[in-house]
Amino acid sequence: MTRNAVFPSAAAPRPEKVATTHTVHGIARSDEYSWMRADNWQEVFRDPSLLAPGIRTHLESENAYQRALMADTADLQQTLFAEMKGRIKEDDSSVPMRDGPFAYGSAFRLGGQRPRYFRTPRDGGEEHVLLDGDTEAGDLSYFRLGGVEHSPDHKQLLWSFDDKGSEFYTLRVRDLSGGQDAADLVPDTGGSGVWAADSGGFLYTYVDPNHRPCKVFFHAVGTDPRQDRLIYEETDPGFFMSVGGTRSNEWILISISDHETSEYRLLSASDPLAEPVIVSPREEGLQYDLEEGGDIFFVLTNADGAEDFKIMTAPAKDPRRANWKELVRHEPSRLILSIIGFQDHLVRLERKDGLPRIVVRDRITGDEHVISFDEEAYSLGLSGSYEYDTEVMRFSYSSMTTPSQLFDYNMRTRERTLLKTQEVPSGHDPDHYITRRLMAPAQDGELVPVSLLHHRDTPLDGSAPCLLYGYGSYGIAMPAGFSTACLSLVNRGFVYAIAHTRGGKDKGYHWYEDGKRDRKTNTFKDFIAVAQHLVKEGYTAHDRIVAQGGSAGGMLVGAVANMAPDAFAGLIAEVPFVDVLSTMLDASLPLTPPEWPEWGNPIASEKDYRTIAAYSPYDNVGALDYPPILAVAGLTDPRVTYWEPAKWVARLRDRKSGSNPVLFKINMDSGHAGASGRFSRLEEVAFTYAFALKVTGLEDKAPLS
C-alpha cells in the first residue's frame, strides 16, 4: 500500500522493558510495560503531581516526540482551529425552559470557555446570572462543571465541579437571593444531587477511592457533610448507582444497574430519610426504568422476553412487579429508547428501521401519533420539560447537513414551534453537502448501516480521502447529527462516514447482543467491511481511509489495526481501551466489575479469558506494517487509564515492522473527556484532524468553496 505521510525525523521514545509474567487459568502472559501503571493511581487521579518521576518523564518524552513529528502542521492546526471556532456562535444561548415562576437557561460569553447559568421571569424579562463557569474556574488549568439544579422553592442552586479531570465532583449550594455559596462543601460525589421536596437538603452518590458510586447520602443544607445520613449502600462492586428525581418533585429514584440487570429503590421526596422501597429486586437479565405518571409509574422494560422493550404501568402506591400491566406491547425491531410522562400524554423515543422517531400517546384515549421528518438520516433528542403538568414538550433535530433545530411541540394540538436553529457565524449552506445512508454487507451477510457526508463537489471516483468513525459498544448508537468540526475535513474533500457496527443498538437490541462478549469480533469485522464497501462503491481507497474512535471505539481502532492494517492510511485512537485483558483482570479498577457483563469475566472464566485475549489490541500487537497511528489520552482519566495507551504505543513501536510512526499525545491536565473548555477542546480536534490530513497527504489542501 502507498503511504502518503512524510513525518520529520525524530527519535521515538524507547521505554524500558521489565520482564513481568502473569498466570491465570494456567496461562502465562508477559507484560513488559506493566510498570507504567502507577501503584498510587488513586492518589494520582486526585493530585497528578504525585505521579512517579520515572513514569512522568516517559509520558513527557512521548509528548515531546509527537510535538516534533507534528511541528510542521502548526500553521494547519491554527487554520483548522480558526475555522472550527468561526462556526461557533461565541455568545450562544439556550432557549430558557419554564419551571414555575421562572425560566432557566445557559449561555456563553464572547471568548468564554464555560457556560453561565441564568434565569428570567417565566414569560421573559431580565436575565439573572446564577452561576458563571468561567468565573468559578479562575486560573485553573482544568475545570468542568457537573450538575446544576435549582431547588423546588427556586431559592437555592445545587452545583458541582471537577478541577482535576478525574470525575470526583464537589457539590456546593448557592443562595440565589445573594449569590453566595454556603459553607457546605461535599466532596467525592458523582456530580449531581436531588433536592428533597422542602428544599432543605438533597441526596447524592458518594464515589469511593476506586471511583465507584457505592453510597447514597442525604445532606441537610448548612450542616457538616461529615454528618450526612447514609440512605443506601450498594455492596456489589459490579453495579453502577445513581440518584435522580421526578419533575413533580414527588419521588426520588435510586437506580442500580450493570449492562444487563437493573433495580430501582424509591423514596418520597417529602420523606428523604425513609428506608428506600425496592420496586423489583435485581434479576439477572431483567432491565427496567421508571418514569412518573401521577398515581402510576410508567415502566420501560424487557420483561417477558421483550428484547426491544415494552411499556408497562405500575401503581405508585405499590409498584412491585406483580402489579405491572402492559400498556405498549413489544414489537420486534422497534427499540424503545426512552419515555417521558406528562399529566395527559406519554412520549417515547424509539428506533425503527435504523432511524429514531418520537411517538406521542394520549393517556386518556390511547391514540398515538408520530412526529415525522423527511431527511434520509437524522438525529433526534428529547429535552422534555421541567414541568409535569403541561401539554408542551421540547425536542431537538439535526442531520449531517442540517444544523441543530430546537422545537416546542404541543402534544394536544400537534403544533410544532421552531425555537432556535444552530447558528454557524462563518456561514453554512446545506445545499453544498450531500448525506447518504448506505448498507455495507458484512462477512456473515448482515447489512451494516453507514451514514455519509461529503461536499457536493467531491469526486466519487475512489480518490477522495475518508474519515471513518466507529464505536460499537454498550449498546450506544451513533447519531447521524450535525457537526461543525467535521466540516473542516469535508470542505477539503473528505468523505466523513460513521459505521453503525454491531455492539450498538442502531438496528435494535439484537444488534447490541451480536457485538458483545464472545461475539465482540463482529464489531471489528463490521468496521472493516464498511471500509471495504466504501472502496468498492468508489467513495475512497484503502490508502485514503483514516479510522477514528474513542474509548471503546479506540479499542475498535486498535483491533482493526491488528486485523487489517493495510485497510487504512492512518488510525486515530482517542482515550483508547486497548489493554482489555489486563483491565478486566484487575478488579480494583473503577469500571472493571460493572464491565464484566459487557466483555466477560476473565478472572472467573477461562473461556472469557481466551475470548478477550484473542482480540485485545495490546495482546495482539505483531510484526505488522501498521499505518501511522495517533493515540490520545488524559492522565487523570478514571474510565480508560493512561497506562493502557502508553503501554500499547510502546509495544507497537517495539514489535511493528515498517517505518510509519506511532504518536502518543497525553494531556497531563485532563481526563476522559479531554480539555474542559469548549475552545481548548477544539484545539484538540484540530490536532487530530491535522494528523488525518497529514497521513492522507492533504495538509496543503485548500477548502472547497
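Residues numbered from 1 in each chain as written. Predicted model: local features only at pLDDT ≥ 70, side-chain atom pairs only at ≥ 80, totals over all residues. Heavy atoms only, no water.

A turn of α-helix holds 3.6 residues, and therefore any two residues three or four places apart point the same way. When the terminal C-alpha atoms of helix α8 (residues 552–563) are compared, their 17 Å separation across 12 residues agrees well with the 16 Å that a helix rising 1.5 Å per residue should span. With 11 of 12 residues buried, α8 lies mostly within the body of the structure. For α8, the full list of buried residues reads Ala552, Gly553, Gly554, Met555, Leu556, Val557, Gly558, Ala559, Val560, Ala561 and Asn562. (Helix = DSSP H or I, 4+ residues; strand = E, 2+ residues; numbered from the N terminus. Expected span 1.5 Å × (residues − 1). Buried < 20%, exposed > 50% of the residue type's maximum accessible area, 1.4 Å probe, protein only.)

We now examine helix α3 (residues 74–86). Compared with the 18 Å implied by 1.5 Å per residue over 13 residues, the 18 Å span of α3 between its first and last C-alpha is a close match. Listing the buried residues of α3 in full gives Leu76, Gln77, Leu80, Phe81, Glu83 and Met84. Taken end-on, α3 shows its buried residues confined to a sector of 160°, consistent with a single buried face. The exposed residues of α3 that point more than 90 degrees off its buried face are Asp75 and Gln78. For α3, the secondary structure elements touched by its buried residues are α5 (487–490) and α13 (678–695). (Arc of directions from axis to C-beta. Contact = heavy atoms within 4.5 Å.)

Our next topic: the sheet that holds strand β15 (residues 240–245). With respect to topology, four strands assemble into an open sheet ordered β15-β16-β17-β18, the strand pairing being antiparallel. The two strands at the open ends of the sheet, each matched to only one other strand, are β15 and β18 (277–278). Relative to strand β16 (residues 251–257), β15 runs antiparallel, the two being bridged by six bridges. The residue of β16 that forms the bridge with Phe240 is Ser257. (Pairing = 2+ DSSP bridges.)

Two numbers describe how α3 lies on α13: the axes approach to 8 Å, and their chain directions differ by 130°. The pairing of α3 with α13 is recorded here as oblique in orientation. In this structure, α3 crosses over α13, and the sense of that crossing is right-handed. Residues Leu76, Gln77, Leu80, Phe81, Met84 and Lys85 of α3 form the contact with α13, whose own contacting residues are Phe679, Leu682, Glu683, Val685, Ala686, Phe687, Tyr689, Ala690 and Leu693. (Axes fitted to C-alpha atoms, helices over the stretch in contact; angles between N-to-C directions. Parallel < 35°, antiparallel > 145°, perpendicular 65-115°, else oblique. Left-handed = near helix turned anticlockwise from the far one by under 90°.)

This next bit is on the nonpolar core. Grouped together as the largest cluster of nonpolar side chains are 120 residues, with contacts concentrated most on Leu59, Leu468, Tyr496, Phe568 and Trp648. Of the residues forming this core, the biggest block, 11 residues, is contributed by α13. Beyond its immediate sequence surroundings of up to four residues, Leu468 is in contact with Ala497, Ala499, Phe527, Val530, Ala531, Leu534, Ile545, Val546, Ala547, Gln548 and Phe568. With 17 residues, the next largest nonpolar core counts Phe342, Val347, Tyr397 and Tyr409 among its residues. (Core = buried A, V, L, I, M, F, W, Y, C linked by side-chain atoms within 4.5 Å.)

So, on to the side chain of Thr301. Inspection of the secondary structure puts Thr301 in strand β20 (residues 296–301). Since its relative accessible area comes to 0%, Thr301 is described here as buried. Within the structure, Thr301 has its side chain in polar contact with the backbone oxygen of Gln287 (distance 2.8 Å). Polar side-chain contacts of Thr301 include one of 3.0 Å to the backbone nitrogen of Ala303. With residues up to four places along the chain from it excluded, the contact list for Thr301 reads Leu286, Gln287, Tyr288, Ala306, Phe309, Lys310, Met312 and Trp324. (Polar contact = N/O pair within 3.5 Å; in protein donor to acceptor, adjacent residues only side chain to side chain.)

Below, the discussion takes up the environment of Pro272. Checked against the element boundaries, Pro272 lands in the loop between β17 (262–268) and β18. Classification of Pro272 as buried rests on a relative accessible area of 11%. Excluding anything up to four places from it in sequence, Pro272 contacts Ala196, Leu203, Phe218, Ile231, Ile252 and Leu267.

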